[in-house]
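Summary of structural features
Residues per chain, in single letters:
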Amino acid sequence: MEYESAHSRPSLGAYVVGRLAAGRLVFSREEAQAALGINRGAFLDAAEKLQKRDQLLNLRHGFYVIVPPQHLNFGSPPPASFIDDLMRHENRPYYVGLLKAAELHGASHQAVMEFQVVTNRQMRDVQAGRSKIAFYFRKDMSAVAAGIEDRKTDTGKMKISSVELTLLDLVRYPQASAGLDNVLTVFSDLGPKINPENMAALSHAFGRSVIQRVGYLLDASGFANHAEKLHALMDGRARPLWIELDPSLSSDPDLAPEVQARDERWHVVVRRIPERDE
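Residues numbered from 1 in each chain as written. Predicted model: local features only at pLDDT ≥ 70, side-chain atom pairs only at ≥ 80, totals over all residues. Heavy atoms only, no water.

Notes on the nonpolar core
Counting residues in hydrophobic clusters, the biggest one holds 45 residues, and the most contacted among them are Leu167, Val186, Phe187, Met199, Val214, Leu217 and Leu218. Of all the secondary structure elements, the ones that give two or more residues to this core are helix H6 (98-104), strand S7 (131-137), helix H7 (163-172), helix H8 (180-190), helix H9 (196-202), helix H10 (208-220), helix H11 (228-235) and strand S12 (268-270). Apart from the residues lying within four places of it in its own chain, the contact partners of Leu167 are Val186, Phe187, Leu190, Ile194, Met199 and Val214. Ranked by size, the runner-up nonpolar core spans 22 residues in total, among them Val26, Leu57, Val96 and Phe135. (Core = buried A, V, L, I, M, F, W, Y, C linked by side-chain atoms within 4.5 Å. Buried < 20%, exposed > 50% of the residue type's maximum accessible area, 1.4 Å probe, protein only. Helix = DSSP H or I, 4+ residues; strand = E, 2+ residues; numbered from the N terminus. Contact = heavy atoms within 4.5 Å.)

Set out below in structure tokens:
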């Protein structure tokens, strides 16, 4: 009887099909073991077979993503369909941000190569088929809670940064922003959607140099009116220091381009005036 019982258990393949039928793309190793009544070794053997067929991804620490047939060519379903589950599995606050959030908010020039996520832990990037999930660190997630929104997805929801938080972050994380020309383009695209009060409130979670650069970019993109509340906040503080608009241009004094402009309003030194991408 024990022999028959063992062989009547559903396989991991059948379990995966059942999850898909229920509209679920993810599961944990513990969930599958409990449902199938198998030990860790048996589960890992079965999972490895499905991974070799490209039907299953083990993204992190026992967190599995099912690859539906329609996504086999991409090697993964879209990260938007499982990012919320992944971050709950990691027990970490998060939001989808930066250029990916800009795209989701309608920035017309964005075709983002990586799915950018901000969280409060240093995490390694994850390759999910053709998609790269890139993680960026912010220690004080609670400080920007007012700038985090829920966005519906095909499988549920995910958290994304608001327009205002997205623009502030693009300046705070230059390594994620594909250059100042691209950032200026995003500012131009999303400027009409900015709520100046929300941006001013969120600016308290950012350093003064970020606010100075954001103010300059708002002016340069034609939305100087949206920068008035930011400027008023700066007026209430000590006189700002002069900062570089693009610090990377002055990292080597021997190779730094000549200064093209000094913006008195924001105390920003400009060595190359950014241009909107066409």
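Having seen it, we continue.
A look at the side chain of Ser188
By secondary structure assignment, the location of Ser188 is in helix H8. Non-local contacts of Ser188, meaning those with residues more than four positions away in its chain, are made with Ser221, Phe223 and Arg276.

Quick look at the environment of Arg272
Mapped onto the fold, Arg272 is located in the segment after S12. As for Arg272 and Leu249, which are separated by 23 residues in sequence, their C-alpha atoms are 8.4 Å apart. Each residue touching Arg272, except ones within four places of it in the same chain, is listed here: Asp181, Leu249 and Gln260. A polar contact is formed between the side chain of Arg272 and the side chain of Asp181, at a distance of 3.0 Å. (Polar contact = N/O pair within 3.5 Å; in protein donor to acceptor, adjacent residues only side chain to side chain.)

A short note on the pattern of salt bridges
In the structure shown here, the tally under the stated rule is 19 salt bridges. A salt bridge links Asp85 to Arg24; the nearest nitrogen and oxygen atoms lie 3.6 Å apart. Here Asp85 is found in helix H5 (residues 83-90), whereas its partner Arg24 is found in the loop between helix H2 (12-21) and strand S1 (26-28), with 61 residues between them in sequence. A residue is classified by how much of its surface remains accessible, and Arg24, at 32% relative accessible area, is partly exposed. Linking Arg276 and Asp189 is a salt bridge whose minimum nitrogen-to-oxygen distance equals 2.8 Å. (Salt bridge = Lys/Arg side-chain N within 4 Å of Asp/Glu carboxyl O.)

As for the sheet that holds strand S11 (residues 261-263)
The strand order across the open sheet built from 3 strands is S10-S12-S11, with neighbouring strands paired in mixed fashion. Only two strands of the sheet have a single partner each, and these edge strands are strand S10 (243-244) and S11. The pairing of S11 with S12 spans 3 bridges and is antiparallel. If you follow Arg262 over to S12, its bridge partner there is Val269. (Pairing = 2+ DSSP bridges.)

Observations regarding the side chain of Arg60
Here Arg60 is to be found in strand S2 (residues 56-60). In this structure Arg60 comes out as buried when scored by relative accessible area, which is 10%. When sequence neighbours within four positions are dropped, the list of residues in contact with Arg60 reads Leu86, His89, Glu90, Arg121, Met123, Arg124 and Val126.

Focus on helix H4 (residues 40-52)
For H4, with 13 residues, the first-to-last C-alpha span of 18 Å sits near the 18 Å given by 1.5 Å per residue. Taken together, the buried positions of H4 are Phe43, Ala47 and Leu50. Down the axis of H4, the sector holding all buried residues measures 55°, keeping them to one side. Facing away from the buried side of H4 by over 90 degrees, the exposed positions are Lys49 and Lys52. Residues of H4 that are buried in the fold lie against H2, S1, helix H3 (29-36), S2 and strand S3 (63-66). Two or three places before Gly41, at the opening of H4, Asn39 has a side-chain oxygen 3.2 Å from that residue's backbone nitrogen. Two residues or fewer after H4 comes Asp54, characterised by a positive phi angle close to 65°. (Expected span 1.5 Å × (residues − 1). Arc of directions from axis to C-beta.)

Some details on the confidence of the model for the chain
A residue-level look at the chain finds 95% of positions with pLDDT of 70 or above and a mean pLDDT of 92. A low-confidence stretch, residues 1-6 (pLDDT under 50), is modelled with 0 contacts involving residues beyond four sequence positions or located in other chains. (pLDDT = per-residue confidence, 0-100.)

Some points on the packing of aromatic side chains
Applying the stated rule across the entire model yields 5 aromatic pairs. Ring geometry for Tyr15 and Phe27: centres 5.3 Å apart, planes at 85°, overall edge-to-face. Taken together, the positions of Tyr15 in helix H2 and Phe27 in strand S1 put the pair 12 residues apart, joining distant regions of the chain. The pair Tyr15 / Phe27 is uniform in exposure class, with both members buried. With a centroid separation of 6.5 Å and an interplanar angle of 90°, the aromatic rings of Phe27 and Phe43 are classed as edge-to-face. Separated by 16 residues along the polypeptide, Phe27 in strand S1 and Phe43 in helix H4 bring together distant segments of the chain. (Phe/Tyr/Trp six-rings, centres within 6.5 Å; stacked < 30°, edge-to-face > 60°.)

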